[in-house]
Amino acid sequence: MSALRWLSLPLLTLAVPAGFTFWAFPEGLSPVRTVAIVIGWIGCGLLLVNLLLMLREPRLAGWLGGLERMYLWHHRTGVAAYVLLLAHPLLLATDGLADSPTVAWQTLAPLDESWPVWSGWLALVLLMLGLAVTFLRRMPYRAWRWLHAALGAAVLLGLYHLILLGIDEPVLPILAIAALILGWRAVRGDWGLAAQPYVVASARRVAEGTVEIALRPLADPLAVAPGQFILVAFFAGPNFRGCGEFHPFTVSSIGRDHMLHIGVRALGDCTRRIQSIQPGVAARVMGAFGNFLAERTSAPQLWVAGGIGVTPFLGVLRAGGISAPTTLLYLNRSETDAAFLPELRAIAAATPLLSLLAVATGSALPDLEHLLPEAQHLAGCECYLCGPPGLVAALKRVLRQRGITARHIHFENFEFR
Ligand SMILES: Cc1cc2nc3c(=O)[nH]c(=O)nc-3n(C[C@H](O)[C@H](O)[C@H](O)COP(=O)(O)OP(=O)(O)OC[C@H]3O[C@@H](n4cnc5c(N)ncnc54)[C@H](O)[C@@H]3O)c2cc1C
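Heads up: these notes are all about the structure in this document.

### Considerations on the overall build of the chain
Logical step 1: Broken down by element type, the chain carries 15 helices and 13 strands.
Logical step 2: The dimensions of the chain, computed from C-alpha atoms along their principal axes, are 80 × 55 × 35 Å.
Logical step 3: In the chain, buried positions account for 48% of the 417 residues.
Logical step 4: Summarising the internal contacts of the chain: among those between residues at least 6 apart in sequence, 69% fall at separations of at least 24.
Logical step 5: Looking at the chain as shown, the accessible area adds up to about 19900 Å², and 64% of this sits on carbon and sulfur atoms.

In structure tokens:
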């Protein structure tokens, strides 16, 4: 990743809150009250950055280093904003202590107050709810998403709270920008205005619980590079009802006439339903996103795929794109559910630069200490990891123990939260 792209997110996260603080810096107040108000503005700035980072626009994602990185900073800015906004009323109460404990208590006790203060507290509670669910990995994704959306309502309510307090000069434009970003995400991202129409041209089973689908464009095709992913929503067909919501899938190959192929593994409700998809089903597609395998060097490479995490590697191999000695370690539960394994064996047999090691690990966590190459074989290697977050985290840990620095470990988690 270029230095500019790497710096883009930290710079944005600094610049917006700094701009707010500069614009609305309070004068003539006590030091504690000044700090309370400044951190309130920094929190507001962080929340605006947080909202911006949930947009799913390929160009924006390209500038900011990818969707996965945007989601990571979305999470970080949300947590930081919450901590600051919680400190804001506490500091205001501390300032009130200079007058009397009663004044301090009245600042904190919402029951003694009126709607302008209640709205601030309600915004904080919603913010806490929205943030708390980001840490809940076991909650069903759909319920998680609705609860997480409480964050959007919290931002609007928090800004409304400032307007009720009479601070409308910088707040009205901020409220307008926040509403625009939320509307943008809802209309273009969730309802799919940014998506292109495609149709399912074919579907074939490639392993137990995995189907590969070919998608034909019905309008301008998307520009997709091997290894990138798209967001796809499937709708109704003659004997099929898709779930109609956008899910990320990696493009496993780009065919003639811009046909996109995706391999879909049954990992939950929606992907289980997709296993019975038929030609003719309407789809909408957004993207493309991701730069996981885009910036490879000529150094020897270790690719590690966990289950369906093999699709970005398959995409690159099908496009004929390796020019460095590469080892693909393909971890799967069993031979029968290892998608694309026969094809990968055939590619490896015809590609001298590629060695394939497919390991059926059963349902237990694989013994990575034994499966990964020893430190001396990893020296000078670039490592690319793709699969479920738990596996990717475990792989990173072992690689770091073997002396591989973070700069040489590239990864894509097959889960957004
Ligand atoms: C970058 C990326 C590339 C992926 N590529 C592939 C691929 O090539 N083939 C494949 O089979 N799977 C791929 N996945 C995983 C796939 O997106 C999930 O398996 C699928 O969304 C699960 O949906 P579900 O409703 O069936 O399962 P659920 O049980 O609802 O979800 C299982 C998990 O998938 C994630 N998920 C669910 N819905 C969404 C959504 N709308 N947006 C984002 N994440 C969601 C959540 O983290 C959830 O915990 C990829 C995921 C990511 C992030």
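### Focus: the pairing of strand β1 (residues 196–207)
Residues in a regular strand project their side chains so that they alternate between the two faces of the sheet.
Logical step 1: Here 4 bridges tie β1 to strand β8 (residues 282–289), and the two strands are oriented antiparallel to one another. Of the residues in β8, the one forming a bridge with Tyr 198 is Ala 283.
Logical step 2: Bridge analysis of β1 against strand β2 (residues 210–217) gives 8 bridges, and the strand direction is antiparallel. Bridged to Tyr 198 within β2 is Pro 217.
Logical step 3: Where β1 hands over to β2, the hairpin turn is made up of 2 residues, of which Gly 209 adopts a positive phi near 75°.

### Re the nonpolar core
Logical step 1: Judged by nonpolar contacts, the single largest core of 45 residues is most densely connected at Trp 41, Leu 51, Leu 53, Leu 67, Met 70, Leu 127 and Leu 159.
Logical step 2: When residues are assigned to domains, this core turns out to be shared by domain 1 (3–190) and domain 2 (196–289), each giving three or more.
Logical step 3: If near-sequence neighbours (up to four positions away) are discounted, Leu 51 is found in contact with Val 155, Ala 178, Ile 181 and Leu 182.
Logical step 4: Counting residues in hydrophobic clusters, the runner-up holds 25 residues, among them Phe 292, Ile 308, Val 316 and Leu 317.

### What about the pattern of salt bridges?
Note on pairing: side chains with opposite charge can pair once their charged atoms come close.
Logical step 1: Overall, the coordinates contain 13 salt bridges when judged by the stated rule.
Logical step 2: With a closest N to O distance of 2.8 Å, Glu 212 and Arg 204 form a salt bridge.
Logical step 3: You can call Glu 212 buried: its relative accessible area is 4%.
Logical step 4: On the basis of relative accessible area, Arg 204 is assigned to the partly exposed category, the value being 44%.
Logical step 5: The salt bridge partner of Glu 369 is Arg 402, with a shortest N-O separation of 3.2 Å. Within this pair, whereas Glu 369 is found in helix α13 (residues 368–371), its partner Arg 402 is found in the loop between α15 (389–401) and β13 (409–413), the two being separated by 33 residues in sequence.

### A word on the pairing of strand β7 (residues 260–265)
Logical step 1: Burial runs high along β7: 6 of the 6 residues are buried.
Logical step 2: In terms of strand pairing, β2 meets β7 through 6 bridges, oriented antiparallel. Across the sheet, Leu 215 pairs through a bridge with Leu 260, a residue of β7.
Logical step 3: With 3 bridges joining them, strand β6 (residues 247–254) and β7 adopt antiparallel strand pairing. If you follow Val 251 over to β7, its bridge partner there is Ile 262.
Logical step 4: Hairpin connection from β6 to β7: 5 residues lie between these consecutive antiparallel strands, with Asp 257 at a positive phi of about 55°.

### Points about the state of the cysteines
Logical step 1: With the rule as written, the count across this model stands at 1 disulfide.
Logical step 2: Not engaged in a disulfide, the cysteine Cys 386 finds its nearest cysteine sulfur in Cys 383; these two sulfurs lie 14 Å apart.

### Here's the deal with unusual backbone geometry
Comment: phi is negative for the bulk of residues other than glycine, and the bulk of peptide bonds are trans.
Logical step 1: Each neighbour pair has its own omega, and for Gly 287 with Ala 288 the value is 0°, a cis peptide bond.
Logical step 2: Looking at the element boundaries, Ala 288 is found in strand β8.
Logical step 3: At Asp 257, a position not held by glycine, the phi torsion is positive, near 55°.
Logical step 4: The backbone of His 258 shows a phi angle near 60°, a positive value even though the residue is not glycine.
Logical step 5: Position of His 258 relative to the elements: it lies in the loop between β6 and β7.
Logical step 6: Taking relative accessible area as the criterion, His 258 reaches 46% and is therefore assigned partly exposed.

### Considerations on the site of the ligand
Logical step 1: Taken together, 22 residues sit near the ligand, with Phe 246, His 247, Arg 265, Thr 271 and Glu 415 positioned nearest.
Logical step 2: Within the contact set of the ligand, a nitrogen atom lies 3.3 Å away from a side-chain nitrogen or oxygen of Tyr 141.
Logical step 3: With the chains in place, 91% of the 880 Å² that the ligand exposes on its own is no longer accessible.
Logical step 4: Of all elements in the fold, only β6, β7 and α10 (269–274) reach the threshold of two or more residues within the shell around the ligand.
Logical step 5: Sort the elements by how many residues they give to the shell around the ligand and β6 lands first, with 4 residues.
Logical step 6: Among the residues forming the shell around the ligand, the class breakdown is 11 nonpolar, 7 polar and 4 charged.
Logical step 7: Summarising the domain contributions, the shell around the ligand has at least three residues from each of domain 2 (196–289) and domain 3 (301–413).

### What to know about the packing of aromatic side chains
Two measures describe an aromatic ring pair: the distance that separates the ring centres and the angle between the ring planes.
Logical step 1: This structure, assessed with the given rule, holds 6 aromatic pairs.
Logical step 2: Following the ring pairs from residue to residue traces out a cluster consisting of Phe 292, Trp 303, Phe 313 and Tyr 384.
Logical step 3: In this arrangement the basic side chain of Arg 76 is found over the ring face of Trp 73, its NZ or CZ atom lying 5.0 Å from the centre.
Logical step 4: Its guanidinium or amino end placed over the ring of Phe 411, Lys 396 lies 3.6 Å from that ring's centre, counting from NZ or CZ.

The rules behind each value
Residues numbered from 1 in each chain as written. Predicted model: local features only at pLDDT ≥ 70, side-chain atom pairs only at ≥ 80, totals over all residues. Heavy atoms only, no water. Helix = DSSP H or I, 4+ residues; strand = E, 2+ residues; numbered from the N terminus. Buried < 20%, exposed > 50% of the residue type's maximum accessible area, 1.4 Å probe, protein only. Contact = heavy atoms within 4.5 Å. Areas by Shrake-Rupley, 256 points an atom, 1.4 Å probe, with all protein chains shown as cover. Pairing = 2+ DSSP bridges. Core = buried A, V, L, I, M, F, W, Y, C linked by side-chain atoms within 4.5 Å. Domains from an automatic or database assignment. Salt bridge = Lys/Arg side-chain N within 4 Å of Asp/Glu carboxyl O. Disulfide = S-S within 2.5 Å. Near = heavy atom within 4 Å. Polar contact = N/O pair within 3.5 Å; in protein donor to acceptor, adjacent residues only side chain to side chain. Nonpolar A, V, L, I, M, F, W, Y, C, P; charged D, E, K, R; others polar. Phe/Tyr/Trp six-rings, centres within 6.5 Å; stacked < 30°, edge-to-face > 60°. Lys NZ or Arg CZ within 6 Å of the ring centre and 35° of its normal.

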